[in-house]
Amino acid sequence: MYLPFVVFVLVLLSRIACGQSGEEWRLEKDKNGIKVYSRHLEGAKLKEIRVVCEVEGTLSQLVAYLSDIENFKHVVYRTKESYPIRWERDNEVVYYNESDSPWPVANRDLVMRMTFQQHPVTKVLRIEARNVPDGLPPKPGIVRIPFWHSVWTVRQVDSRHIHIDYFFKVDPGGEIPPWLTNMVAAVGPYHSFHSLQKSLGLPRYQNKTFSFLQP
């Protein structure tokens, strides 16, 4: 989530081959207060996904959740393995993520750099993640994702709720069969954010403080 938030790779691929340039955001799924949109980038084999939702929780709970990288395999759709490589500062981490793809598609992986920044006046939290192309050597049989960029824009609505506007674009690399891209258009983002909805209240994410985060 991600993550980083944010790495549900297979979802990124819906109808790439069929998209038209200049497409507006298209609502793919609207359930449990989670809206998933998609659109195609003009003149590029890239897919953009946007998720908008309001969930019960706080900014610090969200940061704690996204910092719990080794737990991504339990909450982020089709994540097989995820672990931090190094924390470069308290608001910046480099981590590895592998996504499990259904046969006959090869698994995808990437190394990500995720940073957390809060605006000093508006208190809006921005979480940005980009792939690090040479972060680790490629693994045999796994396709390394050549491009990933995601941004979370999060604000505290009241003492108990946060509003999330999440955006990412990706080039998944390799070949993806049309049946798979159509099948997973909105499944991954929805399930990952539904897991987030259910997880922020867990004891492991309570009463955390971060030097870069103001209440």
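## Brief notes about the overall build of the protein
Scanning the protein for helices and strands turns up 4 helices and 10 strands. When burial is assessed residue by residue, the protein has 51% of its 215 residues classed as buried. Surface exposure of the protein reaches about 10100 Å², of which carbon and sulfur atoms provide 50%.

## A word on the pairing of strand β7 (residues 125–131)
In terms of burial, β7 is largely enclosed, as 5 of its 7 residues are buried. Pairing of strand β6 (residues 108–118) with β7, which is carried by 7 bridges, proceeds in the antiparallel orientation. Within β7, the position partnered with R113 by the bridge is R130. Here β6 folds back onto β7 in antiparallel fashion, the turn holding 6 residues, of which K123 has a positive phi close to 70 degrees. Two strands pair when backbone bridges link them, and β7 and strand β9 (residues 147–158) are joined in this way by 6 bridges, in the antiparallel orientation. Within the sheet, the bridge partner assigned to A129 lies in β9 and is S150.

## Remarks on helix α4 (residues 187–199)
Taking 1.5 Å per residue, 13 residues should reach 18 Å; α4 reaches 18 Å between its end C-alpha atoms and fits that length. Turning to α4, its buried residues are G188, P189, Y190, S192, F193, S195, L196 and S199.

## With respect to the packing of aromatic side chains
All chains considered together, the criterion is met by 11 aromatic pairs. Taken together, a centroid distance of 4.8 Å and an interplanar angle of 10 degrees make the contact between W148 and F168 stacked. One end of the pair, W148, is in strand β9; the other, F168, is in strand β10 (residues 161–171), and 20 residues separate them in sequence. When sorted by exposure, W148 lands in the same class as F168, which is buried. Among the aromatic residues, those joined into a cluster by ring pairs are W148, W152, Y166, F168 and F193. K29 extends its terminal NZ or CZ atom over the ring of Y190, reaching a point 5.0 Å from the ring centre.

## What to know about the environment of F212
Take F212: it is sitting in the segment after α4. In this structure F212 comes out as buried when scored by relative accessible area, which is 14%. Separated by 93 residues in the primary sequence, F212 and H119 have C-alpha atoms spaced 9.7 Å apart. Filtering out sequence-adjacent residues up to four positions away, F212 remains in contact with V63, D90, N91, F116 and Q118.

## Quick word on the environment of L62
You can see L62 is positioned in helix α1 (residues 59–67). What makes L62 buried here is its relative accessible area of 0%. With 100 residues separating them in the primary sequence, L62 and I162 have C-alpha atoms 9.0 Å apart. The contact partners of L62, leaving out residues within four places of it in the chain, are I127, W152, V154, I162, L196 and L200.

## Quick word on α1
With 7 of its 9 residues buried, α1 lies for the most part within the structure. Considered for burial, the residues of α1 that qualify are L59, Q61, L62, V63, A64, Y65 and L66. Looking at the buried positions of α1, the neighbouring elements they touch are α2 (72–75), β6, β7, β9, β10 and α4.

## So, the side chain of E128
Residue position: E128 is located in strand β7. Owing to a relative accessible area of 17%, E128 belongs among the buried residues under this scheme. A distance of 3.4 Å separates a polar atom in the side chain of E128 from a polar atom in the side chain of R126. Of the polar contacts made by the side chain of E128, one reaches the side chain of R130; its length is 3.2 Å. Not counting residues up to four positions away in its chain, the partners in contact with E128 are R113, M114, T115, H149, S150 and V151.

Basis of the calculations
- Residues numbered from 1 in each chain as written.
- Predicted model: local features only at pLDDT ≥ 70, side-chain atom pairs only at ≥ 80, totals over all residues.
- Heavy atoms only, no water.
- Helix = DSSP H or I, 4+ residues; strand = E, 2+ residues; numbered from the N terminus.
- Buried < 20%, exposed > 50% of the residue type's maximum accessible area, 1.4 Å probe, protein only.
- Areas by Shrake-Rupley, 256 points an atom, 1.4 Å probe, with all protein chains shown as cover.
- Pairing = 2+ DSSP bridges.
- Expected span 1.5 Å × (residues − 1).
- Phe/Tyr/Trp six-rings, centres within 6.5 Å; stacked < 30°, edge-to-face > 60°.
- Lys NZ or Arg CZ within 6 Å of the ring centre and 35° of its normal.
- Contact = heavy atoms within 4.5 Å.
- Polar contact = N/O pair within 3.5 Å; in protein donor to acceptor, adjacent residues only side chain to side chain.

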